[in-house]
Amino acid sequence: MFQSFDTKYVSKTKFLFFTGKGGVGKTSTACATAVSFADEGKKVLLVSTDPASNLQDVLEIGLTNTPIAIPNVPNLFACNLDPEEAARSYRDRIIGPYRGKLPDSVVATMEEQMSGACTVEIAAFDEFTNLLSDSSVVDAYEHIIFDTAPTGHTLRLLQLPTAWSGFLEESTHGASCLGPLSGLSEKKQIYSATMEALSDSTKTTLILVARPDEASLLEADRASIELKEIGIKNQTLIINGFMQSFLPKDKISSSLYQRQRNAIKKIPSDLKQVVTYSLPFVSYSLTGVKNLRHLSKLYTLTASLPDLENETINLAGLSKVIEDFSANNARVIFTMGKGGVGKTMIASAIAVGLFEKGHKVHLTTTDPAAHLEFIFRDSEWNDKLTISRINPKEEVEAYKAEVLSRVSNELDEEAIEYIQEDLNSPCTEEIAVFRAFAEVVAGSKDEFVVIDTAPTGHTLLLLDAAHSYHKELARSTGEIPESVKMLLPRLRNPKETGVVIVTLAEATPVLEASRLQEDLKRADIVPKWWVINQSLNVTVTIDPVLKGRALSENKWIKKVQKELAEKCAIVPLLSEENKGDETLKYLATMHEGS
């Protein structure tokens, strides 16, 4: 269906940027590409700018921000730039002069504005710009490979003239995701040179990495369009984890194979124009140089397969989660996690499980694909289970219009253009959607409200800080609706609210979920349950490739169970396509993971 990926297809440019959703295999693909180039005798520098980087885990060696030689791979050097540390330094440099001069609530708002993912991404951009502007580094390598590229939103923001004016130090246009950028003004010329290099097809190749599933491909399409809009047009798509074949007598194997093919048929039309290659679904964990070489050679199996029977996973099924919420009467339940981990299905199954126990339930989601309508097709529910869907696009547009209407008479055209781009940040969508969720919760009486997707701790703190800021300074336009003000303290009360983190038993989804949990704890919200979804480890597959992958899950299941989760449940990868309420009832009554 797709030609297998080979490094020769991306060997014409010095700079290679890998980007994609968390968990799609950016790091392993970038590492395998770097090892392959090095094995050809090319001198290669591999750089991670990902705040949740697992580059050191994949290469099995400790890394710092200074390049070091990788053992057993002559010509390969790697470093792990720390954008979180860069962001901390940046915040201290910008906010420091205001401490003691402005009210504490104002300083708190500034700090939280600069604690989000967008600020970290700008700090990451600053870090690799420093590297690219150092000719002694650039000239020393034939290829420089970056694990994680900046988004089109961040790059557009940095191109706007107002980004360098520092006007945000005086402007309080609302709950923004980004803080002042004036601290980077001295680097404007270097940034411009970097942007030119990124858009030069003779120097840079952007490699979009996706899994063969609908959510991942939609994200790749969005990233591709965003980056083309600012001139980064030399793009390649790698579909990672593509099953080459299946065992007809193995339900898990044949089901996964068919799901992937169905997702491929739905590739967005714009993404179809990007040159596409595939990498196989493999049996082994993509850590260590040996396994990276196996991937670059397109091996699906290792030479020997360990005995899976030696490992037994004893975790509860989803029914335990439902029983816990039912017994403890936590009325607001959020499912959280990165895209593609199955939040909508888990939220739906929890709602059905509570309904089956006789509770009145309202289920709501922001799923833009209207999956709830699909999941609950042909269902006959009485008035004890109601369903709604919040349209993120509509909520964001309404929020943007509200903010812009308040500042349109105060700022010039350039400043308004900056705010418009600032409002394109992921944080804006979280805030707009959360306000809609708050209205749903405020309007609910005597029922459980199950909410698919929730805002991060950063967004919650930002809303809280903006509320405090508004009370302190009348000139603030960061209006917080009464429903949000009421919901914020409710979320912090474990007797009223339960948070379920959904993840997969893989490195990046677990590491990113761990960061999400820490983020929530900053906002005084402690997740009660973790659900490990779509696990192969607790299936009965006989497919050798899937059995190998099942074994590789052990490490991450144990990490969640022993280090991260207060309570943990596991849900197997289903052997059949979703059959609506029949599937949900099956999941909701599953007592054990196996």
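Residues numbered from 1 in each chain as written. Predicted model: local features only at pLDDT ≥ 70, side-chain atom pairs only at ≥ 80, totals over all residues. Heavy atoms only, no water.

1. Notes on the overall build of the protein
- Check the secondary structure of the protein and you find 23 helices and 16 strands.
- Counting the 594 residues in the protein, one finds 59% classified as buried.
- The long-range fraction of contacts in the protein, counting pairs at least 24 apart against all pairs at least 6 apart in sequence, stands at 78%.
- For the protein, the exposed surface amounts to about 24400 Å²; the carbon and sulfur share of it is 48%. (Helix = DSSP H or I, 4+ residues; strand = E, 2+ residues; numbered from the N terminus. Buried < 20%, exposed > 50% of the residue type's maximum accessible area, 1.4 Å probe, protein only. Contact = heavy atoms within 4.5 Å. Areas by Shrake-Rupley, 256 points an atom, 1.4 Å probe, with all protein chains shown as cover.)

2. Examining the sheet that holds strand 10 (residues 332-336)
- A sheet is described by the order of its strands in space; here seven strands give the open sequence 12-11-13-10-14-15-16, paired in parallel fashion. For this open sheet the edge positions go to strand 12 (385-389) and strand 16 (567-572), each flanked by a neighbour on one side alone. Mean inter-strand twist for the sheet, computed between neighbouring axes without regard to direction, equals 20°.
- Alignment of strand 11 (residues 361-365) against strand 12, held across five bridges, turns out to be parallel. Bridging across to strand 12, His-362 finds its partner in Thr-386.
- The strands touched by helix 20 (residues 507-522) are strand 10, strand 14 (497-503) and strand 15 (529-535); relative to strand 14, the strand with the most contacts, the crossing angle is about 160°.
- Helix-sheet contacts for helix 22 (residues 554-564) involve strand 15 and strand 16, and the interaxial angle to strand 15 is about 175°. (Pairing = 2+ DSSP bridges. Axes fitted to C-alpha atoms, helices over the stretch in contact; angles between N-to-C directions.)

3. Quick look at unusual backbone geometry
- Of note in the backbone geometry, Asn-72 takes a positive phi value of approximately 70° without being a glycine.
- When you line up the elements, Asn-72 lands in the loop between strand 4 (68-69) and strand 5 (76-80).
- Asn-72 sits in the exposed class, given a relative accessible area of 66%.
- Here the phi dihedral of Leu-298 falls at roughly 70°; this positive angle occurs in a residue that is not glycine.

4. Considerations on helix 19 (residues 482-491)
- Listed in full, the buried residues belonging to helix 19 are Ser-483, Val-484, Leu-487, Leu-488 and Leu-491. Taken end-on, helix 19 shows its buried residues confined to a sector of 130°, consistent with a single buried face. Turned more than 90 degrees away from the buried face of helix 19, the exposed residues are Glu-482 and Met-486. (Arc of directions from axis to C-beta.)

5. Some points on helix 22
- Every buried residue of helix 22 is accounted for by Asn-554, Trp-556, Ile-557, Val-560 and Leu-564.
- Close packing links the buried residues of helix 22 with helix 20, strand 15, helix 21 (544-552) and strand 16.

6. A word on the layout of surface pockets
- In this structure, the second largest pocket occupies an estimated 490 Å³ of space.
- Every residue lining the second largest pocket is counted, 30 residues in all, and those nearest its centre are Ser-285, Leu-286, Glu-506, Ala-507 and Trp-556.
- When residues of the lining of the second largest pocket are traced back to their parent elements, those giving at least two are helix 1 (26-39), helix 2 (55-59), strand 8 (235-242), helix 20, helix 21 and helix 22.
- Taken together, the residues that form the lining of the second largest pocket break down as 12 nonpolar, 11 polar and seven charged. (1 Å grid on protein atoms, 1.4 Å probe; cavity = no way out; pocket = protein on both sides within 12 Å on 5 of 7 lines; lining within 4 Å. Points joined across faces, edges and corners; volume = space filled by probe spheres on them. Nonpolar A, V, L, I, M, F, W, Y, C, P; charged D, E, K, R; others polar.)

7. Brief notes about the environment of Met-345
- Note on placement: Met-345 falls in helix 13 (residues 343-356).
- Separated by 107 residues in the primary sequence, Met-345 and Asp-452 place their C-alpha atoms 8.9 Å from one another.

8. Remarks on the nonpolar core
- Counting residues in each nonpolar core, the largest one holds 36 residues, and the members touching the most others are Ile-144 and Phe-146.
- In terms of nonpolar packing, the next biggest core, distinct from the first, is built from 34 residues, Val-44, Leu-63, Val-209 and Tyr-277 among them. (Core = buried A, V, L, I, M, F, W, Y, C linked by side-chain atoms within 4.5 Å.)

9. Concerning the sheet that holds strand 9 (residues 275-280)
- The strand order across the open sheet built from nine strands is 1-9-8-7-2-6-3-5-4, with neighbouring strands paired in mixed fashion. With one partner strand each, in any of the chains shown, strand 1 (3-4) and strand 4 form the two edges of the open sheet.
- In this sheet, strand 9 lies alongside strand 8 in parallel orientation, the contact comprising five bridges. Of the residues in strand 9, the one forming a bridge with Ile-239 is Ser-278.
- In the packing of helix 9 (residues 214-229) onto the sheet, contacts are made with strand 7 (204-210) and strand 8, and the angle to strand 7 comes to roughly 160°.

10. Quick notes on the pattern of salt bridges
- Evaluated as defined, the whole model comprises 16 salt bridges.
- One salt bridge in this structure joins Arg-222 and Glu-226, with 3.1 Å as the shortest N-O distance. Of this pair, Arg-222 and Glu-226 both sit in helix 9, four residues apart, roughly one helical turn.
- Across the salt bridge formed by Lys-528 and Asp-324, the nearest N and O atoms sit 3.3 Å from each other. Of this pair, Lys-528 sits in the loop between helix 20 and strand 15 while Asp-324 sits in helix 12 (residues 318-328), and the two are 204 residues apart along the sequence.
- Taking relative accessible area as the criterion, Lys-528 reaches 19% and is therefore assigned buried.
- Taken together, the shared-partner salt bridges connect Glu-219, Arg-222 and Glu-226 into one network. (Salt bridge = Lys/Arg side-chain N within 4 Å of Asp/Glu carboxyl O.)

11. Some words on the packing of helix 21 against helix 22
- Helix 22 packs onto helix 21 with a crossing angle of 30° between their chain directions and a minimal axis gap of 4 Å. When the interaxial angle is binned, helix 21 and helix 22 end up roughly parallel. Packed against helix 21, whose contacting residues are Ala-550, Leu-551 and Ser-552, the element helix 22 presents Asn-554, Lys-555 and Trp-556 at the interface.
- Residue composition of the contact of helix 21 with helix 22, by class: three nonpolar, two polar and one charged. (Parallel < 35°, antiparallel > 145°, perpendicular 65-115°, else oblique.)

12. Describing the environment of Thr-64
- The residue Thr-64 is located in the loop between helix 2 and strand 4 in this model.
- Residue classification places Thr-64 among the partly exposed positions, given a relative accessible area of 45%.
- Placed 15 residues apart in sequence, Thr-64 and Cys-79 show a C-alpha to C-alpha distance of 5.6 Å.
- With near-sequence residues (within four places) excluded, Thr-64 lies in contact with Cys-79 and Asn-80.
- In terms of polar contacts, Thr-64 uses its side chain to reach the backbone amide nitrogen of Thr-66, at 3.2 Å. (Polar contact = N/O pair within 3.5 Å; in protein donor to acceptor, adjacent residues only side chain to side chain.)

13. Remarks on a negative patch on the surface
- On the surface, Asp-412, Glu-413, Glu-414 and Glu-417 cluster together to form a negatively charged patch.
- One can find Asp-412 in the loop between helix 15 (392-407) and helix 16 (413-422). (Patch = residues over 30% accessible without salt bridge, like charges linked within 9 Å, V, L, I, M, F, W, Y side chains within 5 Å. Lys, Arg positive; Asp, Glu negative; His and termini not counted. Charge placed at Lys NZ, Arg CZ, Asp CG, Glu CD.)

14. Considering the packing of aromatic side chains
- With the rule as written, the count across this model stands at nine aromatic pairs.
- Arranged with centres 5.9 Å apart and planes meeting at 70°, the rings of Phe-77 and Tyr-141 form a pair that is edge-to-face. Here Phe-77 is found in strand 5, whereas its partner Tyr-141 is found in the loop between helix 6 (135-138) and strand 6 (143-147), with 64 residues between them in sequence.
- Measuring from centroid to centroid gives 4.6 Å for Phe-246 and Tyr-257, while their planes differ by 40°, and the two rings are tilted. Here the residue Phe-246 occupies a position in the loop between strand 8 and helix 10 (251-265), and Tyr-257 occupies one in helix 10, the gap between them amounting to 11 residues.
- Classification of Phe-246 as partly exposed rests on a relative accessible area of 33%. (Phe/Tyr/Trp six-rings, centres within 6.5 Å; stacked < 30°, edge-to-face > 60°.)

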